[in-house]
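Residue-level structure breakdown
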Amino acid sequence: MSARKLKVVLTRRLPDAVETRLRELFDAELNLTDRPMSRDDLAAAVQRAEVLIPTITDHLDAELIAGAGDQLKMIANFGAGVDHIDIDAAVARGIIVTNTPGVLTEDTADLAMSLILGVSRRIVEGANVVAAGQFEGWSPTWMCGRKLWGKRLGIVGMGRIGQALARRAKAFGMQVHYHNRKPVSDMIAEELGATWWDDLDQMLARMDVISLNCPATRDTHHLLSAERIARLQPHAIVVNTARGELIDEAALVEALDRRALFGVGLDVFEHEPAVHPGLMGRSNVVLLPHLGSATIEARQDMGDRVIANIMTYQNGHRPPDRVIPAML
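So, a few notes on the structure that sits alongside this text. (Residues numbered from 1 in each chain as written. Predicted model: local features only at pLDDT ≥ 70, side-chain atom pairs only at ≥ 80, totals over all residues. Heavy atoms only, no water.)

1. Notes on empty space enclosed by the protein
This is how the line gets drawn: Buried and open spaces are told apart on a 1 Å grid over the protein atoms alone, a cavity being a set of points where a 1.4 Å probe fits but cannot get out and a pocket being an open set with protein on both sides within 12 Å along at least five of seven lines. Residues with an atom within 4 Å of a point are the lining residues. Grid points are joined across faces, edges and corners, and a volume is the space filled by probe spheres set on the points. Residues are grouped as follows: Ala, Val, Leu, Ile, Met, Phe, Trp, Tyr, Cys and Pro are nonpolar; Asp, Glu, Lys and Arg are charged; every other residue, Gly included, is polar.
For the coordinates displayed, the defined rule picks out one cavity of 30 Å³ or more. In this structure, the largest cavity spans a volume of roughly 50 Å³. Partitioning the lining of the largest cavity into residue classes produces three nonpolar, two polar and four charged.

Below is the structure:
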């Protein structure tokens, strides 16, 4: 007689190969419509799941977790960020939370570099001109952007993604600076030629490009506040591929209105999926629909990590990607 399979509930569609493997290994309940679960749907899901596989679109706050059934033992998040899950509440209930770090590092760094290039060289703006049939020929003073070679890049958050972005920026001849809670190892700093700033405000005032690559926490909410945006140089570019809550979008729009920035590239938004209307329709603003990890390879790898975490838990061991409050 085969062993009973864990009841696993998915909140969204995952890659076919991942869903197929989940069905093979567990009693997996799929979301074939791929519509985000409502709060009532989530409340019902945590009443029947032994393992819940949520995504960033699922806000699992303390109230929802408190209403979970005793059978819920694990929240295996499909994604690296866990700011949509109340980790303290889960731990208090004895619920293990895991994520999928590392597998989306290179893809997110690629996208951050793409936004830096897109804004600095006005690539999207230029493509739109051609698509609209407005290109009338080359001109020596038309559509001039800014070169990257020799420019200073300030990375806020020098974790895996920040370091991967730094390697790309170095290849483009940029000077790498960063702000982190503590400096990276001497070996990494030497490899990247990176300069550490313990004072974020001091760094921001001196950079040509700012890239946000840190997690969303209580301490990083509106990290780029109105006061800090005011410190940026008028030729500066701001890029965010981390979490929208890191930026005070109203203050960012106000700075753009004053032409106090060269441009902005955003893959995430403060009130996602809503986008501040003041960001829309600007030639110097590139907006993407949260594409950071949107490669076939990354999404497959994320699913594989979810499965590995669940299997490790099922076998009575500590999942490799367990998240605890002290890590946040």
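2. A look at the sheet that holds strand β8 (residues 195-197)
As a reminder, the rule being used: Paired strands, in this sense, are two strands between which DSSP finds at least two bridges. Helix and strand assignments come from DSSP, with helices taken as H or I runs of at least 4 residues and strands as E runs of at least 2, each series counted from the N terminus. To define axes, lines are fitted to C-alpha atoms, for helices over the stretch in contact only, and angles between the resulting N-to-C directions are given on a 0 to 180 degree scale.
In spatial order, the strands read β8-β7-β6-β9-β10-β11-β12; together these seven strands make up an open sheet with parallel pairing. Here the strands that pair on one side only, and so sit at the sheet edges, are β8 and β12 (285-287). Averaged over all neighbouring strand pairs, the angle between strand axes comes to 15 degrees, with direction disregarded. Of the strand pairs in this sheet, strand β6 (residues 152-156) and strand β9 (residues 209-212) are connected by four bridges, and their pairing is parallel. Bridged to Ile155 within β9 is Ser211.

3. Details of the sheet that holds strand β2 (residues 27-29)
Counted only if it meets this: Contacts are assigned to residue pairs that have any heavy atoms within 4.5 Å of one another.
With mixed pairing, the six strands of this open sheet are ordered in space as β2-β1-β3-β4-β5-β13. Each edge of the sheet is formed by a strand with only one pairing partner; in this case those strands are β2 and β13 (322-323). The strands that helix α12 (residues 296-314) touches are β3 (51-53), β4 (74-76) and β5 (96-98); relative to β4, the one it contacts most, it runs at about 160 degrees.

4. Observations concerning unusual backbone geometry
Keep this limit in mind: The cut-offs for exposure are 20% and 50% of the maximum accessible area for each residue type, with area from a 1.4 Å probe on protein chains only; residues under the lower value are buried, those over the upper are exposed, and the others partly exposed.
In this structure, the amide linkage connecting Glu272 to the following residue, Pro273, adopts the cis form with an omega of 10 degrees. Note that Pro273 resides in the loop between β11 (263-266) and β12. A positive phi angle is found at Arg122, which is not glycine, with a value near 55 degrees. For Arg122, the position within the fold is in the loop between α5 (105-120) and α6 (123-131). Assessed through its relative accessible area of 24%, Arg122 is described here as partly exposed. Its identity is not glycine, yet His290 carries a phi of approximately 55 degrees, on the positive side. With respect to the helices and strands, the residue His290 is situated in the loop between β12 and α12. Looking at His290, the relative accessible area reads 23%, which means it is partly exposed.

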